[in-house]
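Observations on the model geometry
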Amino acid sequence: MEDLGTVWHIGGSQMSVPMCHEIKRRGYRLLLTDSNPDCACHPLADEFSVVSVYDKAANLNYARSLPYKPVAVLTTGTDAGVEVSAVAAYFGLPAVDT
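Here's what I pulled together on the structure shown here. (Residues numbered from 1 in each chain as written. Predicted model: local features only at pLDDT ≥ 70, side-chain atom pairs only at ≥ 80, totals over all residues. Heavy atoms only, no water.)

This part is about the pattern of salt bridges. Under the criterion given, the structure shown has four salt bridges. Between Glu-22 and Arg-25 there is a salt bridge, and its shortest N-O distance comes to 2.7 Å. With Glu-22 and Arg-25 both in helix 1 (residues 17-25), this residue pair falls three residues apart, about one helical turn. With relative accessibility at 23%, the residue Glu-22 sits in the partly exposed group. (Salt bridge = Lys/Arg side-chain N within 4 Å of Asp/Glu carboxyl O. Helix = DSSP H or I, 4+ residues; strand = E, 2+ residues; numbered from the N terminus. Buried < 20%, exposed > 50% of the residue type's maximum accessible area, 1.4 Å probe, protein only.)

So, on to the packing of helix 2 (residues 56-65) against helix 3 (residues 81-90). As a packed pair, helix 2 and helix 3 sit with axes 9 Å apart at the nearest point and diverge in direction by 30°. When the interaxial angle is binned, helix 2 and helix 3 end up roughly parallel. Of the two elements, helix 2 crosses helix 3, and the hand of that crossing is right-handed. Here Lys-56, Asn-59, Leu-60, Ala-63 and Arg-64 of helix 2 lie close against helix 3, whose contacting residues are Val-82, Glu-83, Ala-86, Val-87 and Tyr-90. Looking at the contact of helix 2 with helix 3 residue by residue, the class counts come to six nonpolar, one polar and three charged. (Axes fitted to C-alpha atoms, helices over the stretch in contact; angles between N-to-C directions. Parallel < 35°, antiparallel > 145°, perpendicular 65-115°, else oblique. Left-handed = near helix turned anticlockwise from the far one by under 90°. Contact = heavy atoms within 4.5 Å. Nonpolar A, V, L, I, M, F, W, Y, C, P; charged D, E, K, R; others polar.)

Burial runs high along strand 1 (residues 6-10): five of the five residues are buried. Burial along strand 1 is two-sided: the residues Thr-6, Trp-8 and Ile-10 and Val-7 and His-9 are all buried. Bridging between strand 1 and strand 2 (residues 29-34) involves five bridges; their strand directions are parallel. Note that in strand 2 the partner of Thr-6 across the bridge is Arg-29. The handedness of the strand 1 to strand 2 crossover, carried by helix 1, is right-handed. Relative to strand 4 (residues 72-74), strand 1 runs parallel, the two sharing three bridges. From the neighbouring strand, Trp-8 faces strand 4, where its bridge partner is Val-73. (Pairing = 2+ DSSP bridges. Right-handed = clockwise from strand over helix to strand, strands pointing away.)

Take the sheet that holds strand 3 (residues 47-50) next. Strand order in this open sheet of four strands is 3-2-1-4, and the pairing throughout is parallel. Each edge of the open sheet is held by one strand with a lone partner, namely strand 3 and strand 4. Pairs of neighbouring strands in the sheet enclose a mean axial angle of 15°, with direction left out of account. Sheet contacts for helix 1: strand 1, strand 2 and strand 4; angle to strand 2, the most-contacted strand, approximately 155°. Running over the sheet, helix 2 touches strand 1, strand 2 and strand 3 and is turned about 165° from strand 1.

Spelled out as structure tokens, the structure:
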């Protein structure tokens, strides 16, 4: 199977479950970050790290630690637009100026 890359989903609440399933269904690896290691989406993740959804600096620090560039960064069911855009911009992906 072709390696399509990894999608980083910030936040893993119950509201994010459909999106995380869709990421996996489309053949992407799922990197999930959330401050709760028992979040609803954790079992779906290929990689998981404890990072607060709403901590821009922590998300950027985690981004700098990754040995690869995700193909997308997104969130569902959160108000983490600033954090998602900051991380996406770091990787040169489409983002809103933060």
